[in-house]
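Okay, here's what each chain looks like letter by letter:
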Amino acid sequence: MLYKRLSKAEARRKEVGPTVRMKSSYNGTFLKFIKAFAQIGKDSRIFPKKCRACGAVYPSFPDYIHNTNPLGRGLEPYLEDLDVPRTLQYRNCICGSTLTVSFTKETYPRIESFWEMIGTESKRSGKPVREVVSEFRKQRNRYIQERDETAA
Ligand SMILES: [Zn+2]
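Residues numbered from 1 in each chain as written. Predicted model: local features only at pLDDT ≥ 70, side-chain atom pairs only at ≥ 80, totals over all residues.

1. Notes on the overall build of the protein
As a reminder of what qualifies: Under the DSSP-based scheme used, a helix requires at least four consecutive residues in state H or I and a strand at least two consecutive residues in state E, with every element numbered from the N terminus. For every residue, the other C-beta atoms within 10 Å of its own C-beta are counted; 20 or more classify it as buried, 12 or fewer as exposed, and values in between as partly exposed. C-beta atoms are placed from the backbone. Any pair of residues counts as being in contact when their C-beta atoms, constructed from backbone geometry, are within 7 Å of one another.
The helix and strand tally for the protein stands at five helices and five strands. Taken from N to C terminus, the helices and strands of the protein fall in the order α-α-β-β-α-β-β-β-α-α. Going through the 152 residues of the protein one by one, you find that 18% of them count as buried. Residue pairs at least 24 apart in sequence account for 48% of intrachain contacts in the protein once pairs closer than 6 positions are excluded.

2. A word on the confidence of the model for the protein
Counted only if it meets this: Every residue is assigned a pLDDT by the predictor, reflecting its confidence on a scale from 0 to 100.
In this model, the protein carries an average pLDDT of 83, and 78% of its residues clear a pLDDT of 70 or more. Low pLDDT, under 50, characterises residues 15-21; the predicted model gives this stretch three contacts beyond four residues in sequence or across chains.

3. Some details on the sheet that holds strand β4 (residues 86-92)
Rules: Two strands pair under a simple rule: DSSP has to find at least two bridges between them. With axes taken as lines fitted to C-alpha atoms, and helix axes fitted only over the stretch in contact, angles between N-to-C directions fall between 0 and 180 degrees.
As summarised here, the arrangement of the three strands in space is β3-β4-β5, forming an open sheet in which the pairing is antiparallel. Looking at which strands have only one partner, the edges of the open sheet turn out to be β3 (69-78) and β5 (98-103). Taken over all neighbouring pairs, the strand axes of this sheet differ in orientation by 15° on average, direction set aside. For β4 and β5, the ladder comprises six bridges, and the chain directions are antiparallel. Following the sheet pairing, Y90 is matched in β5 by T100.

4. Let's talk about the environment of F61
Inspection of the secondary structure assignment puts F61 in helix α3 (residues 61-67). Separated by 14 residues in the primary sequence, F61 and F47 have C-alpha atoms spaced 7.3 Å apart. Residues contacting F61, with those up to four places away along its chain left out, are F37, I40, G41 and F47.

5. Focus: helix α2 (residues 28-38)
Put simply, the rule reads: By construction, the arc corresponds to the directions joining the helix axis to the C-beta atoms.
Those residues of α2 that fall on the buried side of the exposure criterion are F30, F33, I34 and F37. Seen along its axis, α2 keeps its buried residues to an arc of 110°; they face one direction. Every exposed residue of α2 that faces more than 90 degrees away from the buried side is listed here: G28 and K32.

6. Things to note about unusual backbone geometry
Cis geometry marks the peptide bond from F47 to P48; its omega dihedral reads 0°. Within the secondary structure layout, P48 lies in the loop between α2 and β1 (49-50).

7. A closer look at the nonpolar core
Going by this rule: Note on terminology: a nonpolar core is a set of buried residues of type Ala, Val, Leu, Ile, Met, Phe, Trp, Tyr or Cys, with members joined through C-beta atoms within 7 Å.
Core analysis: the largest hydrophobic core is formed by 20 residues, its most contacted members being F33, I34, F61, Y64, I118, V133 and F136. Those elements that provide at least two residues to this core are α2, α3, β5, α4 (111-125) and α5 (129-151). Broken down by element, the residue count for this core peaks at five residues, all from α5. Those residues in contact with I118, other than ones at most four positions away along the chain, are V129, V132, V133 and F136.

8. Overview of the environment of V57
In this structure, V57 sits in strand β2 (residues 57-58). With 12 C-beta atoms counted inside 10 Å, the residue V57 sits in the exposed group. Setting aside residues up to four positions removed in sequence, V57 forms contacts with P48 and K50.

9. Points about α4
This is how it is decided: Helices are assigned an expected span. That span is 1.5 Å times one less than the residue count.
Its 15 residues place the ends of α4 21 Å apart at the C-alpha level, agreeing with the 21 Å of an ideal helix rising 1.5 Å per residue. Phi for G126, located one or two positions after α4, is positive at around 75°.

The following block contains the structure:
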């Protein structure tokens, strides 16, 4: 039945057009948030980020994305501390210990509208929030890596 599945996929591709899956395409709604993440660097309140376990230093958010390893949990709102809403980014340092970056309104001014956008996008697409965040992470990390490549 592989045959059937292939033709179905082909039909779908015709519907949405060939540019949708292109390497350089980004979700337009994500883009301004992606760019804001890519610019986090000079903010001394969260960067440079130093690993307490091994002492590795990550000067900026792009550098952190570039040189650490992704985990199953990525970007999550931290709801226990309700006075200061924060969002945590989880990744593993090169030494293997988890190195989190915490975003608040001070360090990422768009953080509230970011979660609003994720919620809206989830409703619009019918995908669970978790999946939308995962897509956002993928596009953001790709954006950061592509920028690094062109800058080098
Ligand atoms: Zn480390």
